[in-house]
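Chain residues, written in single-letter form:
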Amino acid sequence: MADDVLSHAATLSERTIDFRRRLHRRPEIGLQLPGTQGAILTEIADLGLDVRKGTSTTSVVAVLEGASDGPTVLLRGDMDALPLTENTGLDFASEIDGTMHACGHDTHVAMLAGAARLLSDRRADIAGRVVFMFQPGEEGFHGARYMLDEGLLDATGARPSGAFALHITSTFASGTINTRPGPLLASADTIRLTVQGKGGHASAPHYANDPIPVACEIVIALQTMVTRRIDIFDPAVVTIAHVTAGTTDNVIPPTAELEGTIRALSAETRSRVHELVRQVAEGIGAAHGMQVELEIVAGYPVTVNDGDFASSVHAIAGELLGADRSSVMKTPIMGAEDWSYVLQEVPGAMAFLGACPPDLDPDTAPGNHSNLVVFDEAALATGVATYAAVALDVLSR
Ligand code: NI
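Residues numbered from 1 in each chain as written. Predicted model: local features only at pLDDT ≥ 70, side-chain atom pairs only at ≥ 80, totals over all residues.

### A closer look at the sheet that holds strand 2 (residues 60-65)
1) Next: The strand order 1-2-4-3-5-16-6-15 describes an open sheet built from eight strands, whose pairing is mixed. Sheet topology places strand 1 (50-53) and strand 15 (326-328) at the edges, where each strand pairs with a single neighbour. On average, each strand axis in the sheet is tilted by 20° relative to the strand beside it, whichever way the strands run.
2) Next: Pairing of strand 5 (residues 162-169) with strand 16 (residues 348-354) involves seven bridges; the strand directions are parallel. Along strand 16, the bridge assignment pairs Ala165 with Met350. (Pairing = 2+ DSSP bridges. Helix = DSSP H or I, 4+ residues; strand = E, 2+ residues; numbered from the N terminus. Axes fitted to C-alpha atoms, helices over the stretch in contact; angles between N-to-C directions.)

This is the structure:
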């Protein structure tokens, strides 16, 4: 079966690449992506799928009904781009200034549409259903949650028994599949903090209450908190990445503001860090007679791969591509994904599809989210085949 799926995907390669390039030229940001949605609807129109458009977003859910009854499997591709200007020089580069498919979601859409075509060709042999989830708003807009709220998991009347997503990356060797059991990506929450002092003349700080040294103390103390109070084997990252205070050299400002991110690999450490950030920030403020206003905005949860599911993805990819092209990642990555919401509901996994261009080194190639990132399109057939082979495996159980 394995060779067969790969050669089948190869026959769709030209079409997949062409679709990807059309999407790449016309990137859209956020939850409302009418152009991308329209392109998807056209691309899958001849496949005989049961297609539903989202109501709160421009999502597309397409269901392939097999020839006989069986389980349901969910495959996902996210659709949205990022707010940056492309400088790759590709002849199909973004035509929309300040908007770029720099995270490769154009390739995800094209590969998922390719998998829908491949599996539709095999409808006669399929027992069960495949749900194709085309999702807007992955880049911080919680698009997956909107789709879950709209009944994604009830699209066929039976809950999916497995769920799978690929993410392309330019920093793994092209044509490789990389995943791991357990945590794959971190949770990501935002810290917004204001130290309330009292403004005054910079020459007479005792008449004012200077929030700047207190804000600095908080930044340092948060790093001490992470190393002294968080289990090193269940780690966290706290980064204060934005510091604002003051207007000139001789005025003490009334407030100082800090913004940053919290990353963790378990729900337990995530909530522990929230608690400790508050304790440290408010405690240091109080020590200097200042109020600290702290807001922690919850972002995406930890993306946790089901152990058995991730092991089968690894095995299937090994069979499909050769053992040297399927690897188990030693560590998670501290980025975040809203695929985490789906994996909280359905046993499944995400895997990274390597797509480093052949003339670059994966260790130094411009990464996802770079204005210079380029993906090797030869890897797209690997992605189509992997989506399809994982779906067929779930349906065969
Ligand atoms: Ni992405």
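So much for the structure itself; the text now carries on.
### Here's the deal with the sheet that holds strand 8 (residues 187-196)
1) Next: A sheet is described by the order of its strands in space; here four strands give the open sequence 10-12-8-13, paired in antiparallel fashion. What marks the edges here is a single partner per strand, and that holds for strand 10 (236-245) and strand 13 (291-297). On average, each strand axis in the sheet is tilted by 20° relative to the strand beside it, whichever way the strands run.
2) Next: Across nine bridges, strand 10 lies against strand 12 (residues 255-264) in antiparallel orientation. Bridge pairing in strand 12 links Ala245 to Ala256.
3) Next: Each of strand 8, strand 10 and strand 12 touches helix 6 (residues 211-229); the most contacted strand, strand 10, lies at about 170° to it.
4) Next: Running over the sheet, helix 7 (residues 267-287) touches strand 8, strand 10, strand 12 and strand 13 and is turned about 165° from strand 13. (Contact = placed C-beta atoms within 7 Å.)

### Overview of the packing of helix 2 (residues 13-25) against helix 4 (residues 105-121)
1) Next: Between helix 2 and helix 4, the least distance of the axes is 8 Å, while the angle of their chain directions is 145°. Crossing of helix 2 over helix 4 shows right-handed handedness. Here Thr16, Phe19, Arg20, Leu23 and His24 of helix 2 come into contact with helix 4, specifically with Asp106, Thr107, Val109, Ala110, Met111, Ala113 and Gly114.
2) Next: Its residues placed into classes, the contact of helix 2 with helix 4 shows six nonpolar, four polar and two charged. (Left-handed = near helix turned anticlockwise from the far one by under 90°. Nonpolar A, V, L, I, M, F, W, Y, C, P; charged D, E, K, R; others polar.)

### Describing the domain arrangement of the protein
1) Next: Each domain of the protein was delimited in the assignment, giving domain 1 (2-185 + 302-395) and domain 2 (187-297).
2) Next: For domain 1 and domain 2, the distance between their C-alpha centres works out to 38 Å.
3) Next: Grouping the amino acids of the side of domain 1 that touches domain 2 by side-chain chemistry returns five nonpolar, no polar and no charged. (Domains from an automatic or database assignment.)

### Regarding unusual backbone geometry
1) Next: The residue His142 is not glycine, and still its phi comes out positive at about 60°.
2) Next: With respect to the helices and strands, His142 occurs in the loop between strand 4 (127-135) and helix 5 (143-149).
3) Next: Take His142: there are 18 C-beta atoms within 10 Å of it, and that puts it in the partly exposed class.
4) Next: With a phi close to 80°, His369 is a non-glycine residue in the positive phi region.
5) Next: Locating His369 in the fold gives a position in the loop between strand 16 and helix 10 (379-396).
6) Next: In this structure His369 comes out as partly exposed when scored by C-beta crowding, with 14 C-beta atoms within 10 Å. (Buried ≥ 20, exposed ≤ 12 C-beta atoms within 10 Å, placed from the backbone.)

### Some remarks on helix 3 (residues 34-43)
1) Next: Those residues of helix 3 lying buried are Thr36, Gln37, Ala39, Ile40 and Glu43. The buried residues of helix 3 occupy an angular sector of 160° when projected down its axis, which confines them to one face. For helix 3, the exposed residues set more than 90 degrees away from the buried face come down to Pro34, Gly38 and Thr42.
2) Next: Buried positions along helix 3 lie against helix 2, strand 1, strand 2, helix 4 and strand 4. (Arc of directions from axis to C-beta.)

### Some thoughts on the packing of helix 2 against helix 10
1) Next: Between helix 2 and helix 10, the shortest axis-to-axis distance is 9 Å and the interhelical angle comes to 105°. Judged by the inter-axis angle, helix 2 sits roughly perpendicular to helix 10. Residues Ser13, Thr16, Ile17 and Arg20 of helix 2 pack against Leu380, Ala381 and Val384 of helix 10.
2) Next: Split into classes, the residues belonging to the contact of helix 2 with helix 10 amount to four nonpolar, two polar and one charged. (Parallel < 35°, antiparallel > 145°, perpendicular 65-115°, else oblique.)

### Some points on the pairing of strand 16
1) Next: Within strand 16, seven of the seven residues are buried, which leaves it mostly tucked inside the rest of the structure.
2) Next: Bridge count for strand 6 (residues 177-179) against strand 16 is two bridges, and the pairing is antiparallel. The partner of Asn178 across the bridge, within strand 16, is Phe352.

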